[in-house]
Amino acid sequence: MTTANQSAGGATLATKDTTNDDVSPKRTKVLFIGGMGRSGSTLIEKLINELPATRSVGETLHLWERGVVAQERCGCGQTFGECPFWSAVGEQAFGGWDNIAVDDVIDMRYKLDRSRRFGSILKAVRSGVLDSEQEKYVSYYHRLLDAAASIPHGPSSNQPPVLLESSKHVSTAGLLAAGPHLDVRVLHVVRDPRGVAHSWTKKVERPETAGKLMPRYRPSRTALRWVTDNSAFDILGRTVPTLRLRYESFLENPVQSLTDIADFVGVELDAGDLDFIDGPNVQLSKTMHSASGNPMRFTSGDSLTLRQDEAWRSKLSAPNKALVTTMTLPSLLRYGYPIK
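Residues numbered from 1 in each chain as written. Predicted model: local features only at pLDDT ≥ 70, side-chain atom pairs only at ≥ 80, totals over all residues. Heavy atoms only, no water.

**Student:** Help me understand the overall build of the chain, please; the structure alone is not making it clear to me.
**Tutor:** Across its full length, the chain carries 13 helices and ten strands. A total of 340 residues make up the chain; the buried ones form 53% of that total. Taking the intrachain contacts of the chain between residues at least 6 apart in sequence as the baseline, contacts between residues at least 24 apart amount to 77%. (Helix = DSSP H or I, 4+ residues; strand = E, 2+ residues; numbered from the N terminus. Buried < 20%, exposed > 50% of the residue type's maximum accessible area, 1.4 Å probe, protein only. Contact = heavy atoms within 4.5 Å.)

**Student:** I tried to follow the nonpolar core on my own but got confused; where do I start?
**Tutor:** Soluble globular proteins: nonpolar side chains tend toward being buried together. Counting residues in each nonpolar core, the largest one holds 53 residues, and the members touching the most others are Leu63, Trp64, Trp86, Val89, Trp97, Tyr137 and Leu236. For this core, the element with the most residues is helix 6 (residues 132-150), which contributes nine residues. The residues contacting Trp97, other than those within four sequence positions of it, are Leu63, Trp64, Val68, Phe80, Trp86, Ser87, Val89, Gly90 and Leu144. (Core = buried A, V, L, I, M, F, W, Y, C linked by side-chain atoms within 4.5 Å.)

**Student:** When you look at the packing of aromatic side chains in this model, what are you seeing that I'm missing?
**Tutor:** Using the criterion set out here, one finds twelve aromatic pairs in the structure. Where Phe94 meets Trp97, the ring centres are 5.6 Å apart and the plane angle is 50 degrees; that geometry is what we call tilted. In this structure Phe94 comes out as buried when scored by relative accessible area, which is 7%. The class for Trp97 is buried, based on a relative accessible area of 14%. Aromatic ring contacts, followed pair by pair, group Trp64, Phe80, Phe85, Trp86, Phe94, Trp97, Tyr137, Tyr140 and Tyr141 into a single cluster. Taking the ring centre of Trp200 as reference, the NZ or CZ of Arg38 above it sits at 4.3 Å. When the ring centre of Tyr335 is taken as origin, the NZ or CZ atom of Arg334, which lies over that ring, is 4.9 Å away. (Phe/Tyr/Trp six-rings, centres within 6.5 Å; stacked < 30°, edge-to-face > 60°. Lys NZ or Arg CZ within 6 Å of the ring centre and 35° of its normal.)

**Student:** Would you mind going over the sheet that holds strand 10 (residues 303-305) with me for this structure?
**Tutor:** What holds strands together in a sheet is hydrogen bonding between their backbones, with the strands either parallel or antiparallel. Spatial ordering of the open sheet is given by 8-9-10, a layout of three strands whose pairing is antiparallel. On the outer flanks of this sheet lie strand 8 (277-278) and strand 10, each paired with one strand and no other. Alignment of strand 9 (residues 281-283) against strand 10, held across three bridges, turns out to be antiparallel. Its bridge partner being in strand 10, Asn281 is matched across the sheet by Thr305. (Pairing = 2+ DSSP bridges.)

**Student:** What is the right way to look at unusual backbone geometry in this model?
**Tutor:** In terms of backbone geometry, most residues other than glycine have negative phi values and most peptide bonds are trans. The backbone phi angle of Ala53 is positive, close to 60 degrees, even though this residue is not glycine. Within the fold, Ala53 resides in the loop between helix 1 (41-48) and strand 4 (54-58). Judged by relative accessible area, Ala53 falls into the buried class, the value being 7%. One non-glycine residue, Gln71, lies in positive phi territory at about 55 degrees.

**Student:** Any chance you could explain helix 4 (residues 102-112) here in plain terms?
**Tutor:** Quick reminder: α-helices carry 3.6 residues per turn. Residues three or four places apart thus point the same way. Buried within helix 4 we find Val102, Val105, Ile106, Met108, Arg109 and Leu112. Down the axis of helix 4, the sector holding all buried residues measures 160 degrees, keeping them to one side. With respect to the buried face of helix 4, the exposed residues turned more than 90 degrees away are Asp103 and Asp107. Elements in contact with the buried residues of helix 4: helix 2 (63-69), helix 5 (118-127), helix 6 and helix 7 (170-177). (Arc of directions from axis to C-beta.)

**Student:** Explain the environment of Asn230 here, please?
**Tutor:** For Asn230, the position within the fold is in helix 9 (residues 219-236). As for Asn230 and Val189, which are separated by 41 residues in sequence, their C-alpha atoms are 8.7 Å apart. Beyond its immediate stretch of four places on either side in the chain, Asn230 contacts Gly35, Met36, His188, Val189, Val190, Arg225 and Tyr335. Here the side chain of Asn230 touches Trp226 through a polar contact of 2.9 Å, landing on its backbone oxygen. (Polar contact = N/O pair within 3.5 Å; in protein donor to acceptor, adjacent residues only side chain to side chain.)

**Student:** Which parts of the structure should I look at to understand the pairing of strand 5 (residues 162-168)?
**Tutor:** For a regular strand, side chains alternate in direction, first toward one face of the sheet and then toward the other. The buried fraction of strand 5 is high, at seven of seven residues. Along strand 5, one buried face is formed by Val162, Leu164, Ser166 and Lys168 and the opposite face, lined by Leu163, Glu165 and Ser167, is buried too. Note that strand 3 (residues 28-34) and strand 5 share four bridges and pair parallel. Looking across to strand 5, one finds that Leu31 is bridged to Leu164. Across four bridges, strand 4 lies against strand 5 in parallel orientation. Within the sheet, the bridge partner assigned to Gly58 lies in strand 5 and is Glu165.

**Student:** Any chance you could explain the packing of helix 7 against helix 9 here in plain terms?
**Tutor:** What describes two packed helices is the angle between their axes and the distance between those same axes. Their axes nearest at 10 Å, the elements helix 7 and helix 9 cross at an angle of 20 degrees. Relative to helix 9, the element helix 7 lies roughly parallel. You can see that helix 7 and helix 9 cross each other, and the crossing is left-handed. Contact residues: helix 7 offers Val170, Ala173 and Gly174, while helix 9 offers Ala232, Phe233 and Leu236. For the contact of helix 7 with helix 9, the per-class residue count stands at five nonpolar, one polar and no charged. (Axes fitted to C-alpha atoms, helices over the stretch in contact; angles between N-to-C directions. Parallel < 35°, antiparallel > 145°, perpendicular 65-115°, else oblique. Left-handed = near helix turned anticlockwise from the far one by under 90°. Nonpolar A, V, L, I, M, F, W, Y, C, P; charged D, E, K, R; others polar.)

**Student:** Any chance you could explain the packing of helix 5 against helix 7 here in plain terms?
**Tutor:** Packing of helix 5 against helix 7 brings their axes to within 8 Å, and their N-to-C directions diverge by 25 degrees. By the criterion of interaxial angle, the relationship of helix 5 to helix 7 is roughly parallel. When the axes of helix 5 and helix 7 are compared, the crossing they make is left-handed. Along its contact with helix 5, which presents Phe118, Ile121 and Val125, the element helix 7 presents Val170, Ser171, Gly174 and Leu175.

Interpretation note: all reported values are geometric properties and have no functional meaning in isolation.
Put into structure tokens, the structure is as follows:
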């Protein structure tokens, strides 16, 4: 059975009734941050990472290519091979990164971890049984995430952390949630599709590379992806515990939103744990050892000012606004966004 509730922070909870499930407390707990890219997930991840007993690992979907092979920079600023956290993870999980056939993992990723395979992935989620290929592929993530949770992490080391995995893809979320090994909950982040469409038209450099840009999409393609990606997370949320959060609601009340998220993943907050937020001002202190993701992940120990990003209202052309609104209309209304 699935229940849904609306919280004060604008987050919608849709969670499977696990009253009779045999849930082992030893399972690595993962908060999977999913949704359409450019929906504010990196900012949300950074603030969740400030909570006690949480640890960001970024987009592990891209770890194999961008980290192990290309040796791009971790969120801490060091290259993947130089980062002490990822070096320790690789040693504990695989006896060193050189001991895995990384090309095979990448090949499996492009074959199995795709939106077009969502039907077979959803079947595995509902049955709790992966097929042999899926099981082999996901086993790498089991070892990776178990190791990431076991590395000592300061004052909260008396309890294993909740890992923040932000690959965003619904296929990855489903594969990680299938089977009994990981305790996966999904934070489904939704943003106004017109803001998302505008963001995907902008030139954004990836600072961990030599001048490479993040991909850019036409508003029509973004609108289609916005509908299909979010709809798939709605479907997955009927089986996997899911908390839906509108990006705009998060910016309006980050304290309430973080309180809802902490409750959702079972992180107990003490007085003062949210003092790093003072109105719209945020003071970051924790480093993100994120394997891949938005360039914002490189900011740490910095002050941020939270504000609604509504540049799309003036910079997205009227025809494109109308096009995106029309293409996304049913979902737009379902998530509570205005037509105009």
